[in-house]
Amino acid sequence: MPGSPSLPLPPAPEPSASWLATYYALWFTPSFSLSLLLERERGSALFRLLDSLSWLLRTLTYQPSILGSALSNELRSRPLPFNASGELVSTVISANTLRVVDHALYSSSGTNQKYDRLSPIYPDELAASLGIEEHEEAYLLLQESVTRVLQTYELVDALVARAELSFAADGTDDAELRELFKLLKPEMELSGMVTKQWQEIGFQLDALLYFAREYGERAVQITDEAVNGGLNWYPFALASIHMSAFALDMASKRDLQLLLLRSLQAPSSGAAPDTTPFLRVATDLLLLFHAHWIRNGFTVMQFEAVSKDFQNAVRPWARRGVLDGRALGWIGDVKKRA
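So, here's what we can say about the structure. (Residues numbered from 1 in each chain as written. Predicted model: local features only at pLDDT ≥ 70, side-chain atom pairs only at ≥ 80, totals over all residues. Heavy atoms only, no water.)

## Some remarks on the overall build of the protein
Item 1. The secondary structure content of the protein amounts to 14 helices and zero strands.
Item 2. Across the 338 residues that make up the protein, the buried fraction comes to 44%.
Item 3. Here the contacts in the protein between residues at least 6 apart in sequence split such that 71% fall between residues at least 24 apart. (Helix = DSSP H or I, 4+ residues; strand = E, 2+ residues; numbered from the N terminus. Buried < 20%, exposed > 50% of the residue type's maximum accessible area, 1.4 Å probe, protein only. Contact = heavy atoms within 4.5 Å.)

Here is the structure:
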């Protein structure tokens, strides 16, 4: 929204952190055990080989052990709140704990499992594997965690369905398109709904509207810096398309689970999934890409290569819940997600 605090561009490039230091930091973010779990779920060839050869690695990533520890640690650090009637009230659950539950649920259900929002899934099988009885607090925590994990599955399904919708040719999207143009190009008058002006903005409507509404004048500045950047200009529309598509690809491949779970700290209302957590990620990617571009002084001839390298660098950090300059080797001035 106009007046929102803007994100300052990073200063001139500093010497990048060493490859070894960056790799070390990656594996211990957010914790070594969770990194092992995430990489095992990803199923890289190297990890499958190590998994088959090393009893230690299998022990470290043994699902019931990690799940049981995560639930116990969560209850020690944040006891469940109950009302006067003894009923569990809404509580904050750490994203790390939710991600461990997510891994257990996903692994036990199979990658092709589809969930019916009208048929809640209870954690009976997961609880049984841990020896947790239904009356225990750990069972209630597991039950609430599963409910929130399923919300992310619903959200990703909704995002995929939304992405398959083509731009409305009947004019039903005109009002939002006009609002977007007014927000990002306030000094220009829109000459029509089919015009070269739209080539500078693109049609990633949901993500761009979120970006324009949240960042106001800063969004105008970024659009101008990209389109009218002299020797360092880049196609803002294409960058927006790339970042929105990248975010959707990561969501579909479960690389955004930790980030999405961090945003879901309230029970589902039963309405359509709120896409705001995803739009925030897509916007953060666009902001980070823009800062990366300006910081390094790239030229438009490098655009596709820079975009590809950016995505390859950011994905493993996003999988660990991080969207900031650490993925790009920046030593300081990173934008941390709370």
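## A closer look at the nonpolar core
Item 1. The biggest cluster of nonpolar side chains holds 48 residues, and the ones touching the most others in it are Phe211, Phe236, Leu256, Leu285, Phe289 and Val314.
Item 2. Those elements that provide at least two residues to this core are helix H8 (137–163), helix H10 (205–227), helix H11 (236–252), helix H12 (257–263), helix H13 (276–296) and helix H14 (303–319).
Item 3. The leading source of residues in this core is H13, at eleven residues.
Item 4. Non-local contacts of Leu256, meaning those with residues more than four positions away in its chain, are made with Ala247, Met250, Ala251, Phe278, Val281 and Ala318.
Item 5. With 29 residues, the next largest nonpolar core counts Leu98, Val100, Leu258 and Leu261 among its residues. (Core = buried A, V, L, I, M, F, W, Y, C linked by side-chain atoms within 4.5 Å.)

## Overview of the pattern of salt bridges
Item 1. If you walk through the whole model with that rule in mind, you get 16 salt bridges.
Item 2. The shortest N-O distance in the salt bridge between Arg148 and Glu144 comes to 2.9 Å. One end of the pair is Arg148 and the other is Glu144, both in helix H8 and four residues apart, which spans about a single turn.
Item 3. Two residues, Arg162 and Asp206, come together in a salt bridge whose shortest N-O distance is 2.6 Å. Taken together, the residues span a long stretch of sequence, with Arg162 in helix H8 and Asp206 in helix H10 at a distance of 44 residues. (Salt bridge = Lys/Arg side-chain N within 4 Å of Asp/Glu carboxyl O.)

## Let's talk about empty space enclosed by the protein
Item 1. In total, this model carries one cavity of 30 Å³ or more according to the counting rule given.
Item 2. Taken together, Ala207, Leu208, Phe211, Ser240, Met243, Ser244, Ala282, Thr283 and Leu286 make up the full set of residues lining the largest cavity.
Item 3. Listed by contribution, the elements that provide at least two residues to the lining of the largest cavity are H10, H11 and H13.
Item 4. By residue class, the composition of the lining of the largest cavity is six nonpolar, three polar and no charged. (1 Å grid on protein atoms, 1.4 Å probe; cavity = no way out; pocket = protein on both sides within 12 Å on 5 of 7 lines; lining within 4 Å. Points joined across faces, edges and corners; volume = space filled by probe spheres on them. Nonpolar A, V, L, I, M, F, W, Y, C, P; charged D, E, K, R; others polar.)

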